[in-house]
Amino acid sequence: MTEPVIQDDQRSADHPHDVVVIGGGAAGLTAALQLGRARRSVVVIDSGEPRNAPAAHVHGFLGHEGIAPAELLARGHAEVRGYGVEIWAGRVHTVDRTDTGFQATLTDGRTVQARRVLLATGLTDLLPDIPGVRAQWGRGVLHCPYCHGWEVRDQRIVVIATGPGGAHQAGLFRQLTEQVTVVVHEGTGPDHHERVRLAARGVQVLPGPVEQVVVDADQVSGVRLANGTVVPADAVVVAPRMVARAELVHSLGLTAVPDPAGRGEVIPTDASGATAVAGVFVAGNATNVAQQVLAAAADGGWVGAAINADLVAEDTTAAVAALPADVEWDHRYAEQIWSGGPNGVLVDELTGHQPGRALDVGCGEGGDAIWLAQRGWQVTAVDVSQVALDRGRAAAAGAGVEVDWRKVDVTTEPLGSYDLVSLHYPALQHGADHATERALLAAVAPGGTLLVVGHAFGDLAHTHTHTHAHSRDFDPADYVQPPDVADLLDDDWEVLVDETRPRTGEPAEISPHTHDVVLRACRRR
């Protein structure tokens, strides 16, 4: 048994990384390999305590059958380093959220900053408290027929049953040898049905409890029962309780939960490896106790790819956010054509209203502005997108009405004074001290009307593809919504409508939202 020697190649603690991988086993290293090949900045922190360190060989790993665990990890270290991945020797003490992601603090005081965290910490095998079990673990004391069964084929095997899984283990090892005995150490042991099935295969079931695993010359020779009987054995099978190493993430709100099969505890994730804590992922035995080395490596590769995709989405969102507003919305209007008609709430609220001077904020293709102009309003339509304005101007010409089309950023430019200020489904970010909302209020003349309409975002989870509001990183709280404006209304205003109502006037293929939030208020004279 040779444990891996970890060369510490820390060289970049002062700048943030894309991913910190905690745990340098098969899952962690394969995830790091995927991420390194995607040109991500990755640090693997490895305490040098792999779960399979007591084992002499790795089995069931195609292309690496029989390789020593330390040799497999050494090859993995060399491969990931070839793609720029750093490996730090050490143990993580805490993981804390920061403004830019996470900080992992090692027990020696070193820290690493990263945008994402991958927990590939594996699990701990809690062995039965029987003398001799711990000393022979991974050699003469086994648990998995696929990891070690071939090596004990045709030998005498004693299964120490500590729970309902004992009969199952006995059946699996019976495939490898005819000499299998079950000793009931805890509980009632196999039920009548299971005992009949075991007996049919020649498996004897004996009452316990077990006093110790007998070892001669560092080899298992038997199992001593409490009554003094020694059951001859060349190998002993136990069922450890397998518990995910989850201590690190308690401060982040993560806890281990019972494994569905009752074999221990795991950290729950979705299919991508993402946990309930945004930015924290898990791969390998920490989320699936049944994985062998090959399966853990495959899971690490899958989750590594998922983390890269998550970072790509974040990088793209940041790049879009950095675009000037007019450039972003020019792209949107160049790619998508909305209905071109007026919004349903506008029609419901303004039909029959005395016309005057109107400001249509975020006019888009001009459906609202044209509808108002057709009813005698003197309309100024503003938007940051020249593409939208050009499209609206052409539509107005075709309808035979005049509208004053202006490219204006209402968050920074003066608006004037109007009898109607209309704002539908705004994509206006809050300004300092609600400056954007206050500018809209100031544009309403005494006696004038303010109409603000937004989506009811309770149905946001069912939308994916239609507007900026459906970006995975979109947070409605970052943008002006009707309640934000309502909160600023004082005694100079009379609120006429403040409600959520079913959406009308636009088919589901244009907007999948089902309800609107409507604020209509009048400025007192």
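Preceding block: the structure.
Report on the accompanying structure. Everything numeric in this text was worked out from a predicted model, so none of it was measured. (Residues numbered from 1 in each chain as written. Predicted model: local features only at pLDDT ≥ 70, side-chain atom pairs only at ≥ 80, totals over all residues. Heavy atoms only, no water.)

**Description of the overall build of the protein chain**
Using the following cut-off: In DSSP terms, a helix is any run of H or I states spanning at least four residues, a strand is any run of E spanning at least two, and both are numbered starting from the N terminus. Throughout, radius of gyration means the C-alpha value; the globule benchmark is 2.2 Å times the number of residues raised to the power 0.38. Burial classes follow relative accessibility: with a 1.4 Å probe on protein chains only, a residue under 20% of its type's maximum area counts as buried, one over 50% as exposed, and anything between as partly exposed. In this description, contact between two residues means that some pair of their heavy atoms is separated by no more than 4.5 Å. Areas reported as accessible are Shrake-Rupley estimates using a 1.4 Å probe. Residue values count occlusion only from the protein chains shown. His residues and chain termini do not enter the charge count, which takes Lys and Arg as positive and Asp and Glu as negative. Where a charge lies is defined by one atom per residue type, namely NZ (Lys), CZ (Arg), CG (Asp) and CD (Glu).
Helix and strand content of the protein chain: 13 helices and 26 strands. On C-alpha atoms alone, the protein chain measures out to a radius of gyration of 33 Å, which is more than a quarter above the 24 Å that the 2.2 N^0.38 rule sets for 525 residues. Dimensions of the protein chain along its principal axes, counting C-alpha atoms only, are 105 × 55 × 40 Å. Residue burial in the protein chain is summarised as follows: out of 525 residues, 49% are buried. A sequence separation of at least 24 residues applies to 65% of the contacts in the protein chain between residues at least 6 apart. Entry remark: accessible area of the protein chain is about 24,500 Å², with carbon and sulfur atoms responsible for 51%. Side-chain charges of the protein chain comprise 39 positive and 67 negative groups, with the mean position of each set lying 5 Å from the other.

**Side note on the sheet that holds strand β8 (residues 141–142)**
Here is the rule we go by: DSSP bridges decide pairing: two strands pair if at least two such bridges lie between them. Axis lines are fitted to C-alpha atoms, over the contacting stretch for helices. Their N-to-C directions set the angle, which ranges from 0 to 180 degrees.
In space, the five strands of this open sheet follow the order β8-β15-β9-β10-β11, with parallel pairing throughout. The open sheet has two edge strands, β8 and β11 (204–207), and neither has a second partner. Relative to strand β15 (residues 235–237), strand β9 (residues 157–161) runs parallel, the two being bridged by three bridges. In the sheet register, V158 faces β15, and the bridge partner there is V236. Along the sheet, helix α5 (residues 166–174) makes contact with β9, β10 (180–184) and β15, crossing β9 at roughly 165 degrees.

**Things to note about the environment of L420**
In this structure, L420 sits in strand β23 (residues 418–424). Judged by relative accessible area, which is 0%, L420 ranks as buried. L420 sits 226 residues away from E194 along the chain, and the two C-alpha atoms are 80 Å apart. The residues touching L420, leaving out its near neighbours within four places in the chain, are L350, R357, A358, L359, L372, W377 and T449.

**So, the pattern of salt bridges**
Where charged atoms from two side chains of opposite charge approach closely, those side chains can pair. What counts is decided by this rule: Put simply, a salt bridge is a Lys or Arg side-chain nitrogen that is within 4 Å of an Asp or Glu carboxyl oxygen.
Counting across every chain of the model gives 20 salt bridges. Between E71 and R75 there is a salt bridge, with its nearest N and O atoms 3.0 Å apart. One end of the pair, E71, and the other, R75, are both in helix α2 (residues 69–81), four residues apart, so they sit about a helical turn from each other. What makes E71 partly exposed here is its relative accessible area of 37%.

**Let's talk about the nonpolar core**
For the record, the criterion: Here, nonpolar core refers to any group of buried Ala, Val, Leu, Ile, Met, Phe, Trp, Tyr and Cys residues whose side-chain atoms link them within 4.5 Å.
Among the nonpolar cores identified, the biggest contains 25 residues, and V95 and L119 are the most heavily contacted of them. When contributions to this core are tallied by element, the ones reaching two or more residues are β1 (17–22), β2 (42–46), β4 (92–97), β5 (102–106), β6 (111–119) and β19 (280–282). A total of four residues in this core trace back to one element, the largest contributor, which is β6. Ignoring sequence-local partners within four residues, the contact set of V95 consists of I22, F102, Q103, A104, V117, L248, S251 and L252.

**A short note on the side chain of T181**
Tracing the chain through its elements places T181 in strand β10. A residue is classified by how much of its surface remains accessible, and T181, at 15% relative accessible area, is buried. In this structure, T181 is in contact with I157, V158, V159, Q204, L206 and V231, ignoring residues within four places of it in sequence.

**Considerations on unusual backbone geometry**
Cis rather than trans, the peptide bond between G208 and P209 has omega equal to 5 degrees. Backbone geometry places R39, a non-glycine residue, at a positive phi of 65 degrees. Phi at D218 is positive, roughly 65 degrees, even though this residue is not glycine. Of note, D218 is situated in the loop between β12 (210–216) and β13 (219–225). Of the residues examined, D218 reaches a relative accessible area of 44% and is grouped as partly exposed.

**Quick word on helix α6 (residues 192–200)**
The test is simple: A 3.5 Å cut-off defines polar contacts: any pair of N or O atoms within that distance qualifies, except that in protein one atom must be a possible hydrogen donor and the other a possible acceptor, and neighbouring residues in sequence count only when both atoms are side-chain atoms.
Two or three places before H193, at the opening of α6, D191 has a side-chain oxygen 3.2 Å from that residue's backbone nitrogen. Taken from the residues just after α6, G202 is the one with a positive phi, measuring 80 degrees.

**Some remarks on the environment of R406**
Inspection of the secondary structure assignment puts R406 in strand β22 (residues 404–407). According to the relative accessible area criterion, R406 is partly exposed, its value standing at 39%. For the pair R406 and L389, spaced 17 residues apart in sequence, the C-alpha to C-alpha distance is 7.4 Å. Leaving out residues up to four positions away in the same chain, R406 has contacts with T380, A381, V382, D383, L389 and Y418.

**Thoughts on the sheet that holds strand β20 (residues 357–361)**
The strand order β22-β21-β20-β23-β24-β26-β25 describes an open sheet built from seven strands, whose pairing is mixed. In this open sheet, the two strands that pair with only one neighbour each are β22 and β25 (493–502). Taken pair by pair, the neighbouring strands of this sheet meet at an average axis angle of 15 degrees, ignoring direction. Across five bridges, the pairing between β20 and strand β21 (residues 378–383) is parallel. The residue of β21 that forms the bridge with R357 is Q378. Those strands touched by helix α10 (residues 367–374) are β20, β21, β22 and β23, and its axis lies near 175 degrees from that of β21.

**Regarding the pairing of β4**
Of the pairings in the sheet, the one linking β4 to β5 comprises five bridges and is antiparallel in character. The partner of D96 across the bridge, within β5, is Q103. Counting the residues in the hairpin turn of β4 and β5 gives four residues, including G101, whose phi is positive at 155 degrees.

**As for the packing of helix α1 (residues 26–37) against helix α7 (residues 293–322)**
Test applied: The sense of a crossing depends on the near helix, which, turned anticlockwise from the far helix by less than a right angle, makes the crossing left-handed and, turned clockwise, makes it right-handed. Here the term charged refers only to Asp, Glu, Lys and Arg, the term nonpolar to Ala, Val, Leu, Ile, Met, Phe, Trp, Tyr, Cys and Pro, and the term polar to all other amino acids, Gly among them.
At a minimum axis separation of 7 Å, α1 and α7 run at an interaxial angle of 35 degrees. In this structure, α1 meets α7 at a crossing whose hand is right-handed. Here A26, A27, T30, A31, Q34 and L35 of α1 lie close against α7, whose contacting residues are V293, A296, A297, G300, G301, G304, A305, I307 and N308. By residue class, the composition of the contact of α1 with α7 is nine nonpolar, six polar and no charged.

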